[in-house]
Amino acid sequence: PQPSIVMASDSGTWGEIRATGHLGRFALLCLAVWLHAADSLVTATAVPAIVGEIGGVAYVAWTISLYQIGTIVAGAATALFCQRHGTVRVLRVATLIYATGCLIAALAPDMAVLLAGRLLQGIGGGTLLALGYVAIQQWFPQHLWGRLFAVQSLVWAVGSLVGPLIGGSFVALGLWRGIFWSFALQAMLLWLLT
């Protein structure tokens, strides 16, 4: 007997996501991943300007370390929070925590306050990152997961690459605090859209 020819179907296409109305949800998840990825290294190029204004050169490594510590702790707990409180509620709270951290860092008079802001950013950002993966599994059919995870990985890669460039651009303009203001505004946009 001859092998049967399998016809390509529309399942798993972007058209299917648009038709079900889930494209907007996925865009929000990508914005959440973007915020975390771009912010994880945004201070790398801004550190000299930050230290020049508020001091604290001995604690420079903590600007990234505390962000990553917050990310790991929050990311590990995200699935449990989503089960207990619902994904959308966790998304909103994480966005507010992240935005609060950005505002604290933007207004920091010294390195200790900046580090507190970075820790909050890490907690919020880590939750946002993990939510990107948890929500895909909750909101989308399984046959779409591979494609959606691939796009989120691309967003992550671009954010990680562009983050230090964003930081450097603000520093070149003499506005290192603008880095944190711009991420706070993006977080507030995400909060409003959720």
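Since we're looking at a predicted model, the values are computed, not measured. (Residues numbered from 1 in each chain as written. Predicted model: local features only at pLDDT ≥ 70, side-chain atom pairs only at ≥ 80, totals over all residues. Heavy atoms only, no water.)

## Describing helix α3 (residues 47-54)
Link 1 in the chain: Among the residues of α3, Val 47, Ile 50 and Ile 54 are the ones counted as buried. Down the axis of α3, the smallest arc covering the buried residues is 65°, so these residues share one side. For α3, the exposed residues set more than 90 degrees away from the buried face come down to Pro 48 and Gly 52.
Link 2 in the chain: Its buried side turned inward, α3 meets α4 (62-85), α6 (111-139) and α8 (176-193).
Link 3 in the chain: Where α3 ends, the next residue or the one after it, Gly 55, has phi of about 75°, a positive value. (Buried < 20%, exposed > 50% of the residue type's maximum accessible area, 1.4 Å probe, protein only. Helix = DSSP H or I, 4+ residues; strand = E, 2+ residues; numbered from the N terminus. Arc of directions from axis to C-beta. Contact = heavy atoms within 4.5 Å.)

## Here's the deal with a nonpolar patch on the surface
Link 1 in the chain: A cluster of nonpolar side chains, contributed by Tyr 59, Trp 62, Ile 69, Val 73 and Leu 119, occupies part of the molecular surface with about 480 Å² of accessible area.
Link 2 in the chain: For the nonpolar patch, the element with the most residues is α4, which contributes three residues.
Link 3 in the chain: Examined against the element boundaries, Tyr 59 turns out to sit in the loop between α3 and α4.
Link 4 in the chain: The class of Tyr 59 is partly exposed, set by a relative accessible area of 47%. (Patch = residues over 30% accessible without salt bridge, like charges linked within 9 Å, V, L, I, M, F, W, Y side chains within 5 Å. Areas by Shrake-Rupley, 256 points an atom, 1.4 Å probe, with all protein chains shown as cover. Salt bridge = Lys/Arg side-chain N within 4 Å of Asp/Glu carboxyl O.)

## Focus: the environment of Ala 38
Link 1 in the chain: Checked against the element boundaries, Ala 38 lands in helix α2 (residues 23-40).
Link 2 in the chain: Taking the C-alpha atoms as reference, Ala 38 lies 9.2 Å from Phe 183; in sequence the two are 145 residues apart.
Link 3 in the chain: The contact partners of Ala 38, leaving out residues within four places of it in the chain, are Gly 159, Ser 160, Gly 163 and Phe 183.

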